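# Inside the fold
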Amino acid sequence: MVSTTTADIPAAESSETELAIGGMTCASCAARIEKKLNRMDGVTATVNYATEKARISFGADTEVADLVAVVEKTGYTALPVPRAAPAPPPSAAWEAEAEASDQAGAVAGAGEARAVGEAAETGSPASPDALRQRLLVSAVLSLPVVLLAMVPALQFDNWPWLSLTLAAPVVVWGGLPFHRATWTNLRHGAATMDTLVSIGTLAAFGWSLWALFFGDAGMPGMRHGFDLTVSRADAASTIYLEVASGVITFILLGRYLEARSKRKAGSALRALMHLGAKDVAVLRDGTEVRVPVGRLVVGDRFLVRPGEKIATDGTVVEGSSAVDASMLTGESVPVDVTLGDPVTGATLNAGGRLVVEATRVGADTQLARMAKLVEDAQNGKAAAQRLADRISAVFVPVVLLLALGTLVTWLLLTDDATAAFTAAVAVLIIACPCALGLATPTALMVGTGRGAQLGILIRGPEVLETTRRVDTIVLDKTGTVTTGRMTLLTVHTAQGTTETDVLRLAGALEHASEHPIAQAVATGALQRTGAPLPTAEDFINAPGLGVRGTVEGHQVLAGRPKLLSDAGIELPRGLAAAMTAAAEQGRTAIAVAWDGEARAVLEVADAIKDSSAAAVAELRALGLRPVLLTGDNRAVADAVARATGIDEVYAEVLPEEKVDVIRRLQAEGRSVAMVGDGVNDAAALATADLGLAMGTGTDAAIEASDLTLVRGDLKVAADAIRLSRRTLATIRGNLFWAFGYNVAALPLAAFGLLNPMIAGAAMAFSSVFVVTNSLRLRSFT
């Protein structure tokens, strides 16, 4: 066992830490460590068997060294998981940052190496390579032993002695992880799954030694039958070498398959953590310098060539390109970026050359925050798993008593020592509660990992329970159902006027204004004409009315009808009707005139996202009642609701009133989910039973939410709820199997209906079944 001294442990800077736990072999190990930690004053701990980590909150009077000491006193190892340091200020010397980063990496690497080394020693599922070697040797030696015991035709005169020669290394060396863990736990007054395996196999091996050396089993010519149930035979001539070696081999196989499956289950998170670029071309004093990403500081400008990953979150300060963000958001269509647009670290530059100014580095980047959210979720426990953990903690002592009771009862009722022993060993081996401990964490690991690949971040297991209950989903309009920015939607032209002329002249005039509506017109004109806009001269802004100026020799006006009427220009009947229709739909209408004649009406509005209507339909299909919530006027809200198929609308709601709407719906007996993206949505997201934040929104909204949708697409909300419900269903299925298996198998073993070797195989594959069932979540689409 590796011992950790106080000097090895950094002083606690916060009241929360994470420890990598070594030596756990089953759920009861995790439950025992958790129980010991929670007995400390001011300590709240959660120990996860699948992730092999402990998440601990503690008070000011407790040090990390105290926590490690308690874990080691319990018989396991603990190493503090290094945390990423916050980004230094731009003025900090980047050389110092580089040195600190390198040191942090060395600490992390050392910690990981020590954890893996310990895992290899204890036979932990964290070391599949060590398990594989032990399994292969044990399997090669055990196979002849099992065949000789099961097929009497293969038995020759001295076959029991060959079986002993082959089985002994399997029991002693192959089963060493179980025996070592049992001894360690016994020294601390505890019993785990390893205790059951060790006692069962050593008892079978010890009985065989007695029968061979002091009974009749070693006599030349002795023959031995094999039954799937308890057999009645002379105790002195019965050996259980196939049970001792076979059970150990089966359980090693189960552990190995479990370890591989768990590694697959966590692959999504590991892939997420390794998505980022490793080095970056930083521009320092006009010179390009290639440095590790860890040396970047906020304010640095760095170069991103086509095909390279963007090193960290930042803003484009030079160039334009298309950025592929599929690895973070699951969205396969590249997004065009240009001067002033934000970009996210770990995304791929699929087009032109970019110069980006870093705005977030290290633990503050979106990638790091995503990884942290996913890891936090995987470390959590659902209510059902907490019950399973409590059962696992007392299960082993109960099984030991049950095995003893089975032995005594069989002896009293049948006076058959062989049958009594066989039934008792079967009880010991069949009863392992390992599947209980894996039921929730493996499903969580796979579900949250798959979610991260699809741009869905699940905050914790309690969120899964909530997604099953919600029946109403409140959708904030701006930025959620709509794009959140004004867009040119429609152009109505007068007779004899072309749309191209209107867009060129009106776009040029509006381009000189910074008003959001003017910018929407200018942007729409650029996109629709595909040509540069001319320059406006003599530009005048008439507050509250519009703008005027000269474009290509034409006197152009754009704004409210009053701006035109003040200039003696009247709207023809067709354009006036277009103005009225736009107002009824909640859109902003802009009248355009030049050279003393009204030429067009432009409609501008916050455009509905292309996927919103389909998303609302998907939410309805999930049994959710959609509600639109907005601070906009009733006409705008009703228009958006009609376009997306929403029947219930709350309009003209002030930001502070959004919480009141959520509470009113809850008071009606509804379980409410809410989707939002702004600062003014944060309180409502926190009040809702389930909060879903658009990852394109503000930090406040994301922090207040239960689910974060990295992509700004409402359809992802439906995907998130489906994935959460699927993950919850998988957890429940796992727990049902694990509980049902133990409930059904124990009586079978106690009544003598299971051979111990068959029991060992069934127990090993129950854990494999649970993990494999969880891995099906990887195919969620």
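Residues numbered from 1 in each chain as written. Predicted model: local features only at pLDDT ≥ 70, side-chain atom pairs only at ≥ 80, totals over all residues. Heavy atoms only, no water.

Labelled according to an unreviewed UniProt entry, the protein chain appears under the name Cation-transporting P-type ATPase B, originating from Streptomyces finlayi. Among the UniProt annotations of the protein chain, the heading Subcellular location (unreviewed entry) holds the following wording: "Cell membrane". Comment text from UniProt for the protein chain, heading Catalytic activity (unreviewed entry), reads "ATP + H2O = ADP + phosphate + H(+)". (UniProt positions renumbered as here; feature names shortened; annotations may be inferred.)

### A look at a nonpolar patch on the surface
A surface patch of nonpolar side chains, about 410 Å² in accessible area, is lined by Leu143, Leu147, Met150, Val151 and Leu154. With respect to the element layout, Met150 can be found in helix α4 (residues 128-150). A relative accessible area of 36% means that Met150 is categorised as partly exposed. (Patch = residues over 30% accessible without salt bridge, like charges linked within 9 Å, V, L, I, M, F, W, Y side chains within 5 Å. Areas by Shrake-Rupley, 256 points an atom, 1.4 Å probe, with all protein chains shown as cover. Salt bridge = Lys/Arg side-chain N within 4 Å of Asp/Glu carboxyl O. Helix = DSSP H or I, 4+ residues; strand = E, 2+ residues; numbered from the N terminus. Buried < 20%, exposed > 50% of the residue type's maximum accessible area, 1.4 Å probe, protein only.)

### What about the side chain of Thr550?
Residue position: Thr550 is located in strand β18 (residues 546-551). A polar atom in the side chain of Thr550 sits 3.1 Å from the side chain of Gln555. Those residues in contact with Thr550 that sit more than four places away from it in its chain are Thr535, Ala536, Glu537, Asp538 and Gln555. (Polar contact = N/O pair within 3.5 Å; in protein donor to acceptor, adjacent residues only side chain to side chain. Contact = heavy atoms within 4.5 Å.)

### Describing the sheet that holds strand β4 (residues 77-80)
Within the open sheet, the four strands sit side by side as β2-β3-β1-β4. Their pairing is antiparallel. Among the strands making up the open sheet, the edge pair consists of β2 (44-48) and β4. Each neighbouring strand pair of the sheet contributes to a mean axis angle of 25°, computed without reference to strand direction. As judged from the five bridges shared by strand β1 (residues 16-22) and strand β3 (residues 53-57), these two strands associate in the antiparallel manner. Note on β3: the bridge partner recorded for Glu16 is Ser57. Sheet contacts for helix α1 (residues 27-38): β1, β2 and β3; angle to β2, the most-contacted strand, approximately 170°. The sheet contacts of helix α2 (residues 64-73) involve β1, β3 and β4, and relative to β1 the element is tilted by about 25°. (Pairing = 2+ DSSP bridges. Axes fitted to C-alpha atoms, helices over the stretch in contact; angles between N-to-C directions.)

### Observations concerning unusual backbone geometry
For Glu552, which is not glycine, the phi torsion reads 50° and is therefore positive. Within the secondary structure, Glu552 sits in the loop between β18 and β19 (554-559). Overall, the relative accessible area of 46% leaves Glu552 in the partly exposed class. Of note, Glu652 is a non-glycine position whose phi angle comes to about 55°, a positive value. Structurally, the position occupied by Glu652 is in the loop between β23 (648-650) and α23 (658-667).

### A few points about α1
With twelve residues, α1 extends 16 Å between its outermost C-alpha atoms, agreeing within 8% with the 16 Å of an ideal straight helix rising 1.5 Å per residue. The element α1 is largely enclosed, with a buried count of nine among its twelve residues. All buried positions along α1 are accounted for by Ala27, Ser28, Cys29, Ala30, Ala31, Arg32, Ile33, Glu34 and Leu37. (Expected span 1.5 Å × (residues − 1).)

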